[in-house]
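# Geometric and topological summary
If you want the building blocks of each chain, they are given just below.
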Amino acid sequence: MARGPGFFLTLEGIEGAGKSTSLAFLQRYCTGLGWSVETTREPGGGPLGEALRAIFLDPGLDLSVEEELLLLYAGRHEHLRRKILPALQRGALVLCDRFEDSTFAYQGGGRSFPIERIETLSRWTKLPRAPDLTLWFDLDPALGAERIRARHPDRLERESQEFFARARRIFAARMAAEPQRFWRIDASVSLAEVENQLMVALAARLPSPGRG
Ligand code: Z5A
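Described below are features of the structure shown in this document. A quick note: this is a predicted structure, and the numbers were derived from the prediction, not measured.

Conventions we followed
Residues numbered from 1 in each chain as written. Predicted model: local features only at pLDDT ≥ 70, side-chain atom pairs only at ≥ 80, totals over all residues. Heavy atoms only, no water. Helix = DSSP H or I, 4+ residues; strand = E, 2+ residues; numbered from the N terminus. Expected span 1.5 Å × (residues − 1). Bend = angle between axes of the 7 residues up to and from the residue. Contact = heavy atoms within 4.5 Å. Near = heavy atom within 4 Å. Polar contact = N/O pair within 3.5 Å; in protein donor to acceptor, adjacent residues only side chain to side chain. Areas by Shrake-Rupley, 256 points an atom, 1.4 Å probe, with all protein chains shown as cover. Nonpolar A, V, L, I, M, F, W, Y, C, P; charged D, E, K, R; others polar. Buried < 20%, exposed > 50% of the residue type's maximum accessible area, 1.4 Å probe, protein only. Pairing = 2+ DSSP bridges. Axes fitted to C-alpha atoms, helices over the stretch in contact; angles between N-to-C directions.

The first and last C-alpha atoms of helix H3 (residues 65-89) sit 34 Å apart over 25 residues, in line with the 36 Å expected at 1.5 Å per residue. The sharpest bend along H3 comes to roughly 45 degrees, located at Leu-80. Where H3 terminates, the next one or two residues include Gly-91, which has phi positive at roughly 95 degrees.

Moving on: the side chain of Lys-19. For Lys-19, the location among the structural elements is in helix H1 (residues 19-32). When near neighbours in sequence (up to four residues on either side) are disregarded, Lys-19 contacts Leu-11, Glu-12, Gly-13, Ile-14, Asp-97, Arg-98 and Phe-137.

Further remarks concern the site of the ligand. In the vicinity of the ligand lie 31 residues, with Ser-20, Thr-21, Arg-98, Thr-103 and Arg-151 positioned nearest. At 3.1 Å, a backbone N or O of Ala-17 approaches an oxygen atom of the ligand. The protein chains hide 82% of the 1100 Å² of surface that the ligand would expose on its own. Every element with two or more residues in the shell around the ligand is listed here: H1, helix H2 (47-57), H3, helix H4 (100-110) and helix H8 (191-205). At four residues, the largest contribution of residues to the shell around the ligand is made by H4. Broken down by class, the residue content of the shell around the ligand amounts to 13 nonpolar, eight polar and ten charged.

The omega torsion of the bond from Glu-42 to Pro-43 falls at -5 degrees, within 30 degrees of zero and hence cis. Tracing the backbone shows Pro-43 in the loop between strand E2 (37-41) and H2. One non-glycine residue with positive phi stands out, namely Arg-98, at about 75 degrees. With a phi angle near 50 degrees, Lys-126 is a residue other than glycine that sits in the positive phi range. Tracing the backbone through its elements, the reader meets Lys-126 in the loop between helix H5 (115-125) and strand E4 (133-138). The exposure class of Lys-126 is exposed, given its relative accessible area of 66%.

This brings us to the sheet that holds strand E3 (residues 93-97). Strand order in the open sheet made by the five strands is E2-E3-E1-E4-E5, with parallel pairing throughout. Only two strands of the sheet have a single neighbouring strand rather than two, namely E2 and strand E5 (182-186). Adjacent strand axes in the sheet meet at a mean angle of 20 degrees when their direction is disregarded. With five bridges joining them, strand E1 (residues 7-13) and E4 adopt parallel strand pairing. Residue pairing for E4: Leu-11 is matched across the bridge by Leu-135.

Structural data, given as structure tokens:
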């Protein structure tokens, strides 16, 4: 599969790390750099993915981790096929709030599901494209929980701080394994300081638009 002229950037991290807040900043900033920007998210992105998202996050459902994984990869396959790849082919910058690293962190780390079985599922699905750059918003789970305390929790947000600590360790391990793809953002600092770190990361890793 040709990579196309676009650029695929994902945002990862535990709950409350500030991905959604920063997505809006990145969209504005990168548009200013001349990129055509497409924002999206997981679970979700396409019609199937968004329908599965509602099921996935429903606090009234008791899903096994196998059921979670099958929902996530079905949605991800559609997301790539219908939204991400066409946007990259058009030359867009795709900004995606969570992607496959979240599966390894949450289902593999948080739920302690064997990583090798997730890798098998990922290989079987044959995802045609991986992110070009992943911004990992790293935060202590206690601070993340504090930031989202006022919210009505979805199915995942009810999990313990140990769950999010395990997820955080998987993000760290994936960054250590693929340093050329990841960039760590210290998400514990003020929003202005986070934005400064984002601009440094983009200056280092984001190519100019239309580089072909
Ligand atoms: N999930 C999974 O299990 N497996 C998978 O493969 C995938 C996902 C893809 C999606 O939920 C859930 O699905 C997620 C993982 C799971 N569950 N959890 N946890 P979602 O999309 O609804 O939620 P989220 O991705 O976790 O987003 P979030 O909780 O909203 O976190 P965030 O986007 O990183 O944070 P935020 O909304 O930008 O900020 C949270 C609050 O903190 C907000 O009030 C901000 O104003 C404040 N904030 C943000 N940054 C700062 C700084 N720097 N200082 C002070 N305050 C700040």
